[in-house]
Amino acid sequence: MAASATDTQAVVLARGQVIVADRALAFDATVTDAAAQSLKHQQLAAHGIVVRPVA
């Protein structure tokens, strides 16, 4: 990975399961409907990141 001349934000998940609010997620332009979002949520869950709906 190459160094960057600009500041970069990152989150490190050190251990354990992580829960994120569904509204906190941003998807790229290829995620166009609820089915695509559901698939992304499943992929995140496979890595220990659980997406929870927020009222």
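Residues numbered from 1 in each chain as written. Predicted model: local features only at pLDDT ≥ 70, side-chain atom pairs only at ≥ 80, totals over all residues. Heavy atoms only, no water.

A.B. asks: What am I meant to see in the overall build of the chain here?
C.D. replies: Helix and strand content of the chain: one helix and two strands. Of the regular secondary structure in the chain, the N- to C-terminal order runs β-α-β. Its C-alpha atoms give the chain a radius of gyration of 14 Å, more than 25% over the compact-globule value 10 Å for 55 residues. For the chain, with 55 residues in total, the buried portion stands at 11%. Put simply, of all contacts in the chain between residues at least 6 apart along the chain, 68% involve residues at least 24 apart. Just so you have it, the chain exposes about 4,900 Å², and 55% of that area is on carbon and sulfur atoms. Across the chain, the 4 positively charged side chains and the 4 negatively charged ones have centroids separated by 12 Å. (Helix = DSSP H or I, 4+ residues; strand = E, 2+ residues; numbered from the N terminus. Rg over C-alpha atoms; globule rule 2.2 N^0.38 Å. Buried < 20%, exposed > 50% of the residue type's maximum accessible area, 1.4 Å probe, protein only. Contact = heavy atoms within 4.5 Å. Areas by Shrake-Rupley, 256 points an atom, 1.4 Å probe, with all protein chains shown as cover. Lys, Arg positive; Asp, Glu negative; His and termini not counted. Charge placed at Lys NZ, Arg CZ, Asp CG, Glu CD.)

A.B. asks: I tried to follow the environment of Ala34 on my own but got confused; where do I start?
C.D. replies: Along the polypeptide, Ala34 turns up in helix 1 (residues 34-45). Classification of Ala34 by relative accessible area gives exposed; the value is 61%.

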